[in-house]
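Each chain is listed here by its residues.
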Amino acid sequence: MTHKHGRRDENHLEVCRQFQQLGFSTLTLADMGDNCPDLLISRAGRTALIEIKSDGGKLTPGQARFAKDWRGRCYLVRGIDDILAITQAWFQDQPGDAR
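Just so it is clear, the model here is predicted, and its values are computed rather than measured.

Draft legend 1. Region of interest: the overall build of the protein chain. On a plain count of helices and strands, the protein chain comes out with three helices and four strands. Ordered by position from the N terminus, the helices and strands of the protein chain form the series α-β-β-β-α-β-α. Pairs at least 24 apart in sequence give 50% of the contacts found in the protein chain among residues at least 6 apart.

Draft legend 2. Fine view of the nonpolar core. Ranked by internal contacts, the top residues of the largest apolar core, which has 14 residues, are Phe-19, Leu-39, Ile-41, Ile-50 and Ile-86. Excluding anything up to four places from it in sequence, Ile-41 contacts Phe-19, Phe-24, Ser-25, Thr-26, Arg-46, Thr-47, Ala-48, Ile-50, Ile-86 and Trp-90. Listed in part, the five residues of the second largest apolar core include Leu-29, Cys-36, Ala-67 and Cys-74.

Draft legend 3. Seen up close, the pairing of strand β4 (residues 74-77). Across four bridges, strand β3 (residues 46-52) lies against β4 in parallel orientation. Bridge pairing links Ile-52 to Val-77 in β4. Between the parallel pair β3 and β4, the chain is carried across by helix α2 (residues 61-69), and the sense of this crossover is right-handed.

Draft legend 4. Structural view of α2. Within the sequence span of α2, burial applies to Gly-62, Gln-63 and Ala-67. Down the axis of α2, the sector holding all buried residues measures 135°, keeping them to one side. Away from the buried face of α2 by more than 90 degrees, exposed residues Pro-61, Lys-68 and Asp-69 are located. Against the buried residues of α2 lie β3 and β4.

Draft legend 5. Structural context of the sheet that holds strand β2 (residues 39-43). Pairing in this open sheet of four strands is mixed, and the strands run β1-β2-β3-β4 from one edge to the other. One side of each edge strand has no neighbouring strand; the edge strands of this open sheet are β1 (25-28) and β4. For this sheet the average axis-to-axis angle between neighbouring strands, irrespective of direction, equals 30°. Relative to the sheet, helix α1 (residues 12-21) contacts β1, β2, β3 and β4, its axis offset from that of β1 by approximately 160°.

Draft legend 6. Structural context of the packing of α1 against helix α3 (residues 80-90). Where α1 meets α3, the axes come as close as 10 Å, and the angle between the chain directions of the two elements is 35°. Note on packing geometry: the crossing formed by α1 with α3 is right-handed. Contacts between α1 and α3 involve Val-15, Gln-18 and Phe-19 from the first element and Ile-80, Ile-83 and Ile-86 from the second. For the contact of α1 with α3, the class distribution of residues is five nonpolar, one polar and no charged.

Draft legend 7. Molecular detail of empty space enclosed by the protein. Within this structure, the stated rule accounts for one cavity of 30 Å³ or more. A volume near 50 Å³ is recorded for the largest cavity. The wall of the largest cavity is formed by 11 residues, among which Glu-51, Leu-59, Gln-63, Ala-67 and Cys-74 lie closest to the centre. At the level of elements, α2 and β4 are the ones that each hand at least two residues to the lining of the largest cavity. Residue classes in the lining of the largest cavity are distributed as eight nonpolar, two polar and one charged.

The rules behind the values
Residues numbered from 1 in each chain as written. Predicted model: local features only at pLDDT ≥ 70, side-chain atom pairs only at ≥ 80, totals over all residues. Heavy atoms only, no water. Helix = DSSP H or I, 4+ residues; strand = E, 2+ residues; numbered from the N terminus. Contact = heavy atoms within 4.5 Å. Core = buried A, V, L, I, M, F, W, Y, C linked by side-chain atoms within 4.5 Å. Buried < 20%, exposed > 50% of the residue type's maximum accessible area, 1.4 Å probe, protein only. Pairing = 2+ DSSP bridges. Right-handed = clockwise from strand over helix to strand, strands pointing away. Arc of directions from axis to C-beta. Axes fitted to C-alpha atoms, helices over the stretch in contact; angles between N-to-C directions. Left-handed = near helix turned anticlockwise from the far one by under 90°. Nonpolar A, V, L, I, M, F, W, Y, C, P; charged D, E, K, R; others polar. 1 Å grid on protein atoms, 1.4 Å probe; cavity = no way out; pocket = protein on both sides within 12 Å on 5 of 7 lines; lining within 4 Å. Points joined across faces, edges and corners; volume = space filled by probe spheres on them.

Take a look at the structure:
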């Protein structure tokens, strides 16, 4: 199996900071490659994977397949509106829309 290293979108650090300011723990996974999402977040005993995209950025076919096949929460985030929607769903027991 070849290992393709990931790359970070320009808004990666800002998305991490915004989650942290809202009380989430964050772990960057962007260097994992192989279609692994960019970020792991955790709060209140729950975790989720986050794929970060810049405005207009699209999921690769491999990233879309990963999100579809993942048996947990996996969200696409472009900015603060997505982060706030995830935070609201986090405490309403709604899994949100990962794709």
